[in-house]
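Spelled out from the first residue to the last, the chains are:
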Amino acid sequence: MEYSISPDGEKFKIPEEEDYAREYERLEKLVTARREEGFEIVVVMGLGFVGAVMAGVVADSVDKKTGKSAKYVIGMQRPSTRSFWKIPLFNRGISPIKAEDPEVAPMIERCVNKKQTMTATFTYDALKLADVLVVDVQCDFLKQELGNLRSGYADISALETSFKKIGEKISPHCLVLIETTVPPGTTEYVADPLLKKAFRTRGIDDEPLLAHSFERVMPGKDYVRSIRDFWRVCSGINQDAREKVTQFLSEILNVDEFPLTVLDRPIESETCKIVENSYRATILAFLHEWSLFSETNGVDLIKVTNAIKVRPTHSNIIFPGPGIGGYCLPKDGGLGIWADKHLMGFENDIFKITPQAIDINDTRGLHAARLVRDALRNMGRIVAASQVTVLGVSYREDVGDTRYSGSEIIVRKLTEMGAEVKAHDPYVQHWWELEKQDTYPAVGASWSRFFRNQEDLSKFRMTADLEGALKNSDAMVLAVRHKAYLELDPDEVVRMAGSPLAVVDCFGILDDARIERYFELGCEVKGLGRGHINRIKDKVRKRV
């Protein structure tokens, strides 16, 4: 008997064959009752980071004329041992996603238990009941080497399997909306042919109603708003699909304040997501070389970028920190490069900047680890004999999302060099990329494969309190601009550590006064892009 275990340790038995018929009977009764009340049935396929909250947003929406609920949502999740636990929790009204946004948990609970506009299931037969199907199935880009995007590939196998199932089950009048970020051309070159083939097998002459509209989800306190109250781009495979997807999104999103952009073809919508994320990744990578310049030439890049931001045309310039994480920026450019070769069949090497930008971002954390080494050396210590505390393991400030975080590269490199690493983050209880590195994000996909000496990191556990994390530390890495770290007092840090330590600032967290105080306390300080630190050090030494 197999079980799926939730993050809190609760065990749920994986469904057996006889469970599927009972489950579909349950869904049919619910759907029949809702259809009689005039509800449209929406199935959301995939209850992950995007799908779970998208399901809630749809179920929480109301008819803009009557103010009453008009959508009944069935969230569908494949019953694997890794993720089946989401379904029973969902059906209790408990969000499977832990989010900083205070809207998420109440919205899920409200839709399931009070409004009764949402349920979750494990059976693909739910697809038969859908008027609208929103596809949020994972599509990843798997990197074979650290710092070499070109050797990686897009893994669209889960999508292909899903579309074969979809084609076998859905009504020909069902709108299929792909929300997943996919390689450009996926809707037209992969999904549409698979649906048409399945329709022909079933004797259906209708054209599939297939559309694409990518999510722009931002984790943090505005998680729900980034779905409901934000600009969306959409497209359809034909005129009917374009009209249907435009109508559906207009009914569930705040399009009055955030109008839809409707493009002619799905490949344009797909390319839109890839280009906007590649653009962002490129800007961040661009600053890496100026960060290195600043470190070696006495320049504080933080002050430089702040001075540039005063100019309105350059107000979006941002300091890159120790790496560019999240689920999108580290991989999306690779989806475009892969599509050009494998979906469109071109061999010309037109992509230069996009892969280089991602390679730079992926490896910037290595430079942060080198600064830890250099700071310890200046104190007469070596990494291999030191305890290093990393403050912040998520990929951006004040969120708990650890996917592709720069901190992971720092920890893995320091571990490879022999350090004993501890970590603290007020938003992260479990760092699954380390704790479950043999299976997370998938078997063989962990970044542990790029480093030596990683075996013991599966025993890694976050340190819950800051004082415990810093106790006896030889070095402290300020890796994320969490609010909890912005005002750390140097005297308190040294007290908690028990003695002077090396301090590495990866994100411009320390102002000059704090840097100066660390030196006065006998610490060593380094910082990404902060070449002026040596001037402060010389100033303190001259006084002493």
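See the structure shown above.
Residues numbered from 1 in each chain as written. Predicted model: local features only at pLDDT ≥ 70, side-chain atom pairs only at ≥ 80, totals over all residues. Heavy atoms only, no water.

Let us now look at the environment of Gln239. By secondary structure assignment, the location of Gln239 is in helix α8 (residues 239-252). Once the C-alpha coordinates of Gln239 and Arg265 are considered, the two residues, 26 residues apart in sequence, prove to be 9.8 Å apart. Only 3.0 Å separates the side chain of Gln239 from the side chain of Arg242, close enough to count as a polar contact. (Helix = DSSP H or I, 4+ residues; strand = E, 2+ residues; numbered from the N terminus. Polar contact = N/O pair within 3.5 Å; in protein donor to acceptor, adjacent residues only side chain to side chain.)

Before going further, it helps to examine the pairing of strand β16 (residues 502-505). Residues Ala502 and Val504 point to one face of β16 and Val503 and Asp505 to the other, with burial holding for every one of them. Bridge count for strand β15 (residues 475-478) against β16 is four bridges, and the pairing is parallel. Each residue of the ladder has a partner; that of Val477, found in β16, is Val504. In this structure, β16 lies alongside strand β17 (residues 524-527), joined through four bridges in parallel fashion. Residue pairing for β17: Val504 is matched across the bridge by Lys526. (Buried < 20%, exposed > 50% of the residue type's maximum accessible area, 1.4 Å probe, protein only. Pairing = 2+ DSSP bridges.)

On to the sheet that holds strand β11 (residues 233-236). Here eight strands make up an open sheet; going across it, the order is β5-β4-β3-β6-β9-β10-β11-β12 and the pairing mixed. Bordering the open sheet on either side are β5 (118-121) and β12 (261-262), each of which pairs with just one other strand. Relative to strand β4 (residues 71-76), strand β3 (residues 40-45) runs parallel, the two sharing six bridges. Residue pairing across strands places Val43 opposite Ile74, the latter belonging to β4. On the sheet, helix α1 (residues 17-36) packs against β3, β4 and β5 and is oriented at approximately 160° with respect to β5. Along the sheet, helix α2 (residues 51-60) makes contact with β3, β4, β5 and β6 (132-135), crossing β4 at roughly 165°. (Contact = heavy atoms within 4.5 Å. Axes fitted to C-alpha atoms, helices over the stretch in contact; angles between N-to-C directions.)

A few words now on the packing of aromatic side chains. The full count for this structure, using the stated rule, is 10 aromatic pairs. Relative to Phe122, the ring of Tyr20 has its centre 5.0 Å away and its plane inclined at 90°; by these criteria the two rings are edge-to-face. Note that Tyr20 is positioned in helix α1 and Phe122 in the loop between β5 and β6, a separation of 102 residues in sequence. Three or more aromatic residues joined by ring pairs make a cluster, and in this case those are Tyr20, Phe84 and Phe122. The cationic tip of Lys128 hangs over the ring face of Tyr24; the distance from NZ or CZ to the ring centre is 5.4 Å. Its end group placed over the ring of Phe49, Arg403 keeps NZ or CZ at 4.2 Å from the ring centre. (Phe/Tyr/Trp six-rings, centres within 6.5 Å; stacked < 30°, edge-to-face > 60°. Lys NZ or Arg CZ within 6 Å of the ring centre and 35° of its normal.)

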